[in-house]
Amino acid sequence: MNQTQASEERSENLVAFLIATVAVLAAVITFLQTYSSGKGDEADRASTQFALQAMQVRTGGETRASHEWQGAYQTWYELDLQALAADLAGDKAAADRFRLVRDRIAGLSPILSSKYFDPASGETPDYYGYQADTYIVDSTRLSEKFAAYNEIGDAWDDRSKAFIVNLTLLAVSLALFGLSTTISGFMRTAFIVLGSVISLVVLAWAFVVMLRPLPALPDTAIEAYSQGVGLASRGDYSAAVQQFDAALAAKPGYANALYERGNSHFWIGDYPASLADYEAAVRAGRTDTNAGWNLGWTYYLLGRFDDAIRVDRAVLEQDPSLIGVQFNLALALMVNGQLQEAEAEYQKGVDQAIREMSNAQQAGTQPPSSFWDYMDASAADIDNLLNEMSGNPKPWGQAPTPTTIRADQLQLRALADKMFYLLKDTTVALEFTGNAAPQTPRGIATAFQFGQEELDEKGNFVRYNTATSFAFGLNEIQVLFDYSGMKKGALEVWKVYRDGVEDPTLRVIGDWQLEESGSAAKPISYAYSDLFVFSSGRYTVEFYEDSHLIGRGIFTVEEKK
Amino acid sequence: MKTEGFKTFTAIMIALVTIASALVAWRAAVASSEASQADFSGLAAAINAEQEQVLNDITVSVHYQAFLAYTRYNELGYKLQDAIDAAGGGDTVASLKQLKSDVWGIAYGLQSIFFPSRYLRPDGTYDSQREIQEKTAESERKQDTKPDLHFSRADDLRLKADLLVVTLIFLGVSFWMFTCAQILRGTMKYAFAVGGMFFLAASVMGASLIEILM
């Protein structure tokens, strides 16, 4: 055997050894790939199971809660009103009979038990509390498990994919080793070295993949989080914060817990804590538009307008259809002193709202129910801002403190007023006509006065007793104003807000039947029945003619003594 | 020497075909895996969609039931008003007025608590269709309720995986031709080498197009 033959034999032996080694490595990685793929399937199966269970719990719970509300509470409420009516008519015996039946109904339904309902309070049962106990905690727990297992399944799938790549690379190195036996010289050495390097890389890669930890969400964290969501849904935000704290102690960086704790802090009124949580939630992976939306709004309330603008723009890049965020952006630009940009963004939002309505009409559908809430809220936000700037903030309003506002206040007020009317007109036009507000001249109404009719002993009208504040017990009020520039037959809409929230039962919709100009007294009334009076609060009355807001006034009903 | 050079060339080409095959097999496996993931996401979206539809149906049905109760009292009030108008006066009218006040009061109470007045039409009917459409649009905005998008993506990815596997067949043919070229002697080996190169080039181009277009 000469030296060349010996070298050839050594080389072939080495290749044989390498092929055998790589074959063992491939077998191990094949096992790992199969194992990972199986684990991924298992996690996906569990995830699907939890999703179905969450659906069952939620739909079943909602059905039960709805039937309790509709079947039991509505019956109770009707009997209660009948008892009240009998009382008012002086028929005490009938009132007692109604109350006996009413109380019998109360004993038949959990939502009418003392845990959720105090009839003496005059409030409705704690529906959210009942929902929380019936299904919200359970369905949240199952939904979180669904998400957690989905994430675990994805992680196993990623491992499986990495092992597939590893196997592919091992096939390449095997091919290189095999080919090296058919050639000689430098090329043989190159093939052997390349195959070996690839195999070593695969070995190291497979180790890293196996050692990388899988995502894990402890049951204790899920449990505390679910309890927190239940508490928050019934409005017990302080207790909810404690539960979210516990969830975060069990799983630091738990994005959903951070986000929900941010929401609870927000409703408590602790905006700085809320902001910190929203920021942490976004860092932890809550990059959805809801988190960005709330983050942007909190920046605005805390006077960090540049940040608010940046976040709102980012959210709109993700989903340009969010008109609520579009109007938040415009508002932030306005208080930041970027008045021209603000006006352009408001106009863009209005155009988008008109387009959305038109698209929905063409498709034979409707825009989302929240569309109207956001349209209303956009004008309400301007109103709240102006109230805050006037040193007259309302408990229900949210606005930054005036010292943080960078715009010239006179210019800001002028633009805010203009945008307020634009938004109000557009909302009414879209809701009642489905189109943009018409480019017709706006009618004129003088400032509203509010009064009660004074009648003589024969029931004849004497005069209106006007005031801005009325004692509790009022069941009808007259809105008094002079007007001009009206069009007979034009759409006439009256809207009434109590403490910043519209009471749609007091809406009046019709056609303008009076003359082009004159004086009017418009009743807002519960007088068709003895059972109701105006609740105490601050009432804002708005009058629209031909979809233009032409009159707006405020009166107060005092607390019951 | 010339034969050695050709052998080295075919060996390199076989190595290239192997690498190309490995890459194509990897992309096919990844596409297949992503198709499974898209199927799973589609399933989750289908569950969401069904859940939201059931919940919206429940809500609207409950509102509609409340509206029917409201209508019962409201219409009764109108009939009582007709009776008052017809009666002219006396004790009967007083009791009818009392009854009318009661039933309209109850109707208002139901309207204020048990269903949204926004969907009351001016003709006194209830626009359940509008309410359900608004709720459906709301659900679509809030969460993923469109399984078809995921399923269609899954179908595309499966088609991509299938086409990549088809290119593997061409790479197999190329591999076979280069192997023949290495074994054979004479001019035939060149013909096989050219054939192998043709199939390799076609496969690489095909796989690249599939990757770019799908």
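Before reading on, note that the structure itself is shown above.
Residues numbered from 1 in each chain as written. Chains lettered and ligands numbered in written order. Predicted model: local features only at pLDDT ≥ 70, side-chain atom pairs only at ≥ 80, totals over all residues. Heavy atoms only, no water.

Notes on the overall build of chain B
- On a plain count of helices and strands, chain B comes out with 5 helices and 0 strands.
- If you list the helices and strands of chain B from N to C, you get α-α-α-α-α.
- Expressed as lengths along the three principal axes of its C-alpha atoms, the size of chain B is roughly 130 × 20 × 15 Å.
- Among the 214 residues that make up chain B, the fraction classed as buried is 46%.
- Element-wise, carbon and sulfur atoms account for 64% of the exposed surface of chain B, whose accessible area totals about 10,800 Å².
- Across chain B, 19 positive and 23 negative side-chain charges occur, with their mean positions spaced 11 Å apart. (Helix = DSSP H or I, 4+ residues; strand = E, 2+ residues; numbered from the N terminus. Buried < 20%, exposed > 50% of the residue type's maximum accessible area, 1.4 Å probe, protein only. Areas by Shrake-Rupley, 256 points an atom, 1.4 Å probe, with all protein chains shown as cover. Lys, Arg positive; Asp, Glu negative; His and termini not counted. Charge placed at Lys NZ, Arg CZ, Asp CG, Glu CD.)

A short note on the interface of chain A and chain B
- At the interface, 63 residues of chain A touch 55 residues of chain B.
- Overall, the association of chain A and chain B removes approximately 5,200 Å² of surface from exposure, summing both partners, and the carbon and sulfur fraction of that is 65%.
- In this structure, the connection of chain A to chain B is made through 4 salt bridges.
- One salt bridge connects Glu 52 of chain B with Arg 58 of chain A, and the closest N-O pair in it is separated by 3.3 Å.
- Looking at the side of chain A that touches chain B, the elements with two or more residues in it are helix H1 (3-88), helix H3 (127-180), helix H4 (186-211) and helix H13 (369-389) of chain A.
- The greatest single-element share of the side of chain A that touches chain B, amounting to 21 residues, is contributed by H1 of chain A.
- The residue makeup of the side of chain A that touches chain B, split by class, is 30 nonpolar, 21 polar and 12 charged. (Contact = heavy atoms within 4.5 Å. Buried area = accessible area lost by both parts, 1.4 Å probe. Salt bridge = Lys/Arg side-chain N within 4 Å of Asp/Glu carboxyl O. Nonpolar A, V, L, I, M, F, W, Y, C, P; charged D, E, K, R; others polar.)

Focus: the nonpolar core
Residues and elements named next belong to chain A.
- Grouped together as the largest cluster of nonpolar side chains are 79 residues, with contacts concentrated most on Tyr 300, Met 334, Tyr 346, Ile 382, Leu 385 and Leu 412.
- Element by element, the count of residues in this core is highest for helix H11 (residues 323-335), at 10 residues.
- When sequence neighbours within four positions are dropped, the list of residues in contact with Tyr 346 reads Phe 327, Ala 330, Leu 331, Met 334, Ile 382, Met 419 and Leu 423. (Core = buried A, V, L, I, M, F, W, Y, C linked by side-chain atoms within 4.5 Å.)

Some words on helix H2 (residues 92-106) of chain A
All names here are of chain A.
- Over its 15 residues, H2 runs 21 Å from end to end, which matches the ideal 21 Å to within 8%, given 1.5 Å per residue.
- Among all positions of H2, only Ala 94, Ala 95, Arg 102, Ile 105 and Ala 106 are buried. Within H2, the buried residues cover an arc of 120 degrees as seen down the axis, which keeps them to one side. Seen from the buried face of H2, the exposed residues on the opposite side, beyond 90 degrees, are Lys 92, Arg 97, Leu 100 and Arg 104.
- Against H1 lie the buried residues of H2. (Expected span 1.5 Å × (residues − 1). Arc of directions from axis to C-beta.)

Details of the packing of aromatic side chains
All names here are of chain A.
- Considering all chains together, one arrives at 59 aromatic pairs over all chains under this definition.
- Seen from their ring centres, Tyr 259 and Tyr 278 are 5.9 Å apart, and the 45 degrees between their planes marks the pair as tilted. Of this pair, Tyr 259 sits in helix H7 (residues 255-268) while Tyr 278 sits in helix H8 (residues 271-283), placing them 19 residues apart in sequence.
- Overall, the relative accessible area of 3% leaves Tyr 278 in the buried class.
- Measuring from centroid to centroid gives 4.8 Å for Phe 461 and Tyr 464, while their planes differ by 55 degrees, and the two rings are tilted.
- According to the relative accessible area criterion, Phe 461 is partly exposed, its value standing at 43%.
- On the accessibility criterion, Tyr 464 (29% relative accessible area) is partly exposed.
- Its end group placed over the ring of Tyr 259, Arg 286 keeps NZ or CZ at 4.0 Å from the ring centre. (Phe/Tyr/Trp six-rings, centres within 6.5 Å; stacked < 30°, edge-to-face > 60°. Lys NZ or Arg CZ within 6 Å of the ring centre and 35° of its normal.)

With respect to a nonpolar patch on the surface
Residues and elements named next belong to chain B.
- A surface patch of nonpolar side chains, about 600 Å² in accessible area, is lined by Leu 159, Leu 163, Leu 209, Ile 212, Leu 213 and Met 214.
- Mapped onto the nonpolar patch, the elements with two or more residues apiece are helix H4 (147-183) and helix H5 (188-213).
- With respect to the helices and strands, Met 214 occurs in the segment after H5. (Patch = residues over 30% accessible without salt bridge, like charges linked within 9 Å, V, L, I, M, F, W, Y side chains within 5 Å.)

Structural notes on the side chain of Thr 18 of chain B
- Positionally, Thr 18 of chain B belongs in helix H1 (residues 2-87).
- Since its relative accessible area comes to 13%, Thr 18 of chain B is described here as buried.

Some details on the packing of H7 of chain A against H8 of chain A
Residues and elements named next belong to chain A.
- The geometry of H7 relative to H8 is characterised by a closest axis approach of 8 Å and an angle of 160 degrees between their N-to-C directions. The orientation of H7 with respect to H8, classified from their angle, is roughly antiparallel. For the pair H7 and H8, the crossing hand works out as left-handed. Across the interface between the two elements, Ala 255, Leu 258, Tyr 259, Arg 261, Gly 262, Asn 263, His 265 and Phe 266 of H7 pack against Tyr 271, Ala 273, Ser 274, Asp 277, Tyr 278, Ala 280 and Ala 281 of H8. (Axes fitted to C-alpha atoms, helices over the stretch in contact; angles between N-to-C directions. Parallel < 35°, antiparallel > 145°, perpendicular 65-115°, else oblique. Left-handed = near helix turned anticlockwise from the far one by under 90°.)

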